[in-house]
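Coordinate inspection notes
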Amino acid sequence: MKFVLFTLFLCGFILKVNGKSSSGACLPEEKSLVACEGRLARLHCGEGQAIYVTRATYGRTEKKTCRAGRPADQLENTECSTDTEEVGERCNGKQWCKVKASDYVFGDPCYGTYKYLEVEYICYGTLFPVSPAAAVILHHNKMKFVLFTLFLCGFVLEINAGRGFQKPKKTRSFAELRTIVACEGSEAQLVCVNETIFVISATFGRSDHTTCSDGIPDDQTEKTDCSMRADLVFQRCDGESMCTVFASSSVFGDPCVGTYKYLDVVYLC
């Protein structure tokens, strides 16, 4: 019995120090950073984790950020921020990444204004990431000890399943990343079978010309800078296994009257 208790304690300790949740899945770590124009934005995740950019903008939305040493006329325009896909294209899936906040990289949304790059991202992954580096890690003595202890823990729980011990649920190897787009007037259905939903990002509006454009007049898809955060998706869906949200201005408000919009959601199971 002492051996059983010691093994269970050791297993719990290893899972705890490796950032595991009670369900066995790694919880995504949310991070944000700001890089003033001309500086480097450095995105970084821990060992065995990967970057996923949820939001990145370049420009200026208020006067306080990155204002030190700048004349007032370079801070006046606070309506010149633009969404940037380049950060996600360069950094998604990597453990670390550097991007320079500059007009050369992102273009100049407001000439004469001193700008900054603002990035929000998550670090996600598992205790045993499947990658070329994994084979090397598995040969490390410390990793062998971790694997052996976890195996021993599972074995002890298995043989004691009929003696008052509860077998743990099967752990999943990866947090499954999903995206869904619902055109205005339709429903977005978020589903995680036997798992729970973790919403990474949710926006309502329009950020490009092509999404949800079939059969829609050109003048209703012209405006592409009217996307807004859809907080209701987070409130309704986080922690659920299934969730339905109607993509409508009556639900989220109307960020751009006369434009045909859509709901864009990224989530993990």
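The following refers to the structure shown. Treat the numbers as computed from the prediction; the structure is a model and nothing was measured.

1. Describing the overall build of the protein
Per the secondary structure count, the protein includes seven helices and 12 strands. Counting every atom, the protein has about 16,100 Å² of accessible surface; 53% of that belongs to carbon and sulfur.

2. Considering unusual backbone geometry
The backbone phi angle of Cys66 is positive, close to 50 degrees, even though this residue is not glycine. Positionally, Cys66 belongs in the loop between strand E3 (49–59) and strand E4 (82–83). For Cys212, which is not glycine, the phi torsion reads 50 degrees and is therefore positive. As for its placement among the helices and strands, Cys212 is situated in the loop between strand E9 (198–205) and strand E10 (228–229).

3. Here we look at the sheet that holds strand E7 (residues 177–183)
Spatially, four strands are ordered E7-E12-E9-E10 in an open sheet, and the strand pairing comes out antiparallel. In this open sheet, the two strands that pair with only one neighbour each are E7 and E10. The sheet contact formed by E9 and E10 spans two bridges and is antiparallel. Within E10, the position partnered with Thr203 by the bridge is Arg229.

4. Examining the layout of surface pockets
By volume, the largest pocket amounts to about 1,400 Å³. Along its surface, the largest pocket is lined by 50 residues, and Thr54, Arg55, Asp83, Thr203 and Ser227 are the ones closest to its centre. Examining the composition of the lining of the largest pocket, we find that eight residues originate from one element, E9, more than from any other. Here the lining of the largest pocket is composed, by residue class, of 20 nonpolar, 16 polar and 14 charged.

5. Some words on the state of the cysteines
In the structure shown here, the tally under the stated rule is eight disulfides. Between the sulfur atoms of Cys80 and its disulfide partner Cys110 the distance amounts to 2.1 Å. With a gap of 30 residues between them, Cys80 in the loop between E3 and E4 and Cys110 in the loop between helix H3 (103–106) and strand E6 (116–125) connect regions that are remote in the sequence. A relative accessible area of 4% places Cys110 in the buried class. Through a disulfide, Cys226 is tied to Cys256; the S-S separation comes to 2.1 Å. Of the two residues, Cys226 sits in the loop between E9 and E10 while Cys256 sits in the loop between helix H7 (249–252) and strand E12 (262–268), which places them 30 residues apart along the sequence. When sorted by exposure, Cys226 lands in the same class as Cys256, which is buried.

6. Points about the nonpolar core
Counting residues in hydrophobic clusters, the biggest one holds 21 residues, and the most contacted among them are Leu190, Val199, Val233, Leu263 and Val265. Those elements giving two or more residues to this core turn out to be E7, strand E8 (187–191), E9, helix H6 (231–237), strand E11 (242–246) and E12. Discounting chain neighbours no more than four positions away, the residues touching Val233 are Leu190, Val199, Ala202, Asp238, Val245, Phe252, Leu263 and Val265. By size, the runner-up hydrophobic cluster in this structure holds 20 residues, among which are Ala56, Tyr58, Val87 and Val119.

7. Looking at the side chain of Thr84
Inspection of the secondary structure assignment puts Thr84 in the loop between E4 and helix H2 (86–91). With relative accessibility at 9%, the residue Thr84 sits in the buried group. Discounting residues that sit within four places of it in the chain, Thr84 has contacts with Ala56, Thr57, Tyr58, Phe106 and Leu117.

8. A short note on the pairing of strand E2 (residues 40–44)
Alternating positions in E2 separate cleanly, Ala41 and Leu43 being buried on one face and Leu40, Arg42 and His44 remaining unburied on the opposite face. Sheet analysis places E2 next to strand E5 (residues 96–100), joined by five bridges and oriented antiparallel. Note on E5: the bridge partner recorded for Leu40 is Lys100.

9. Brief notes about the pattern of salt bridges
One pass over the full model with this rule turns up eight salt bridges. When salt bridges that share partners are traced, they join Glu37, Asp103, Asp108 and Lys115 into one network.

10. Here's the deal with the packing of aromatic side chains
Going through the model one piece at a time under the given rule, you end up with two aromatic pairs. The interplanar angle of 35 degrees and the centroid separation of 5.1 Å between the aromatic rings of Tyr58 and Phe106 together place this pair among those described as tilted. Here the residue Tyr58 occupies a position in strand E3, and Phe106 occupies one in helix H3, the gap between them amounting to 48 residues. Given the relative accessible area of 11%, Phe106 is considered buried. In this arrangement the basic side chain of Arg70 is found over the ring face of Tyr114, its NZ or CZ atom lying 3.7 Å from the centre. Just above the ring of Phe234 sits the side chain of Arg229; from NZ or CZ to the centre is 4.2 Å.

So, how was this worked out
Residues numbered from 1 in each chain as written. Predicted model: local features only at pLDDT ≥ 70, side-chain atom pairs only at ≥ 80, totals over all residues. Heavy atoms only, no water. Helix = DSSP H or I, 4+ residues; strand = E, 2+ residues; numbered from the N terminus. Areas by Shrake-Rupley, 256 points an atom, 1.4 Å probe, with all protein chains shown as cover. Pairing = 2+ DSSP bridges. 1 Å grid on protein atoms, 1.4 Å probe; cavity = no way out; pocket = protein on both sides within 12 Å on 5 of 7 lines; lining within 4 Å. Points joined across faces, edges and corners; volume = space filled by probe spheres on them. Nonpolar A, V, L, I, M, F, W, Y, C, P; charged D, E, K, R; others polar. Disulfide = S-S within 2.5 Å. Buried < 20%, exposed > 50% of the residue type's maximum accessible area, 1.4 Å probe, protein only. Core = buried A, V, L, I, M, F, W, Y, C linked by side-chain atoms within 4.5 Å. Contact = heavy atoms within 4.5 Å. Salt bridge = Lys/Arg side-chain N within 4 Å of Asp/Glu carboxyl O. Phe/Tyr/Trp six-rings, centres within 6.5 Å; stacked < 30°, edge-to-face > 60°. Lys NZ or Arg CZ within 6 Å of the ring centre and 35° of its normal.

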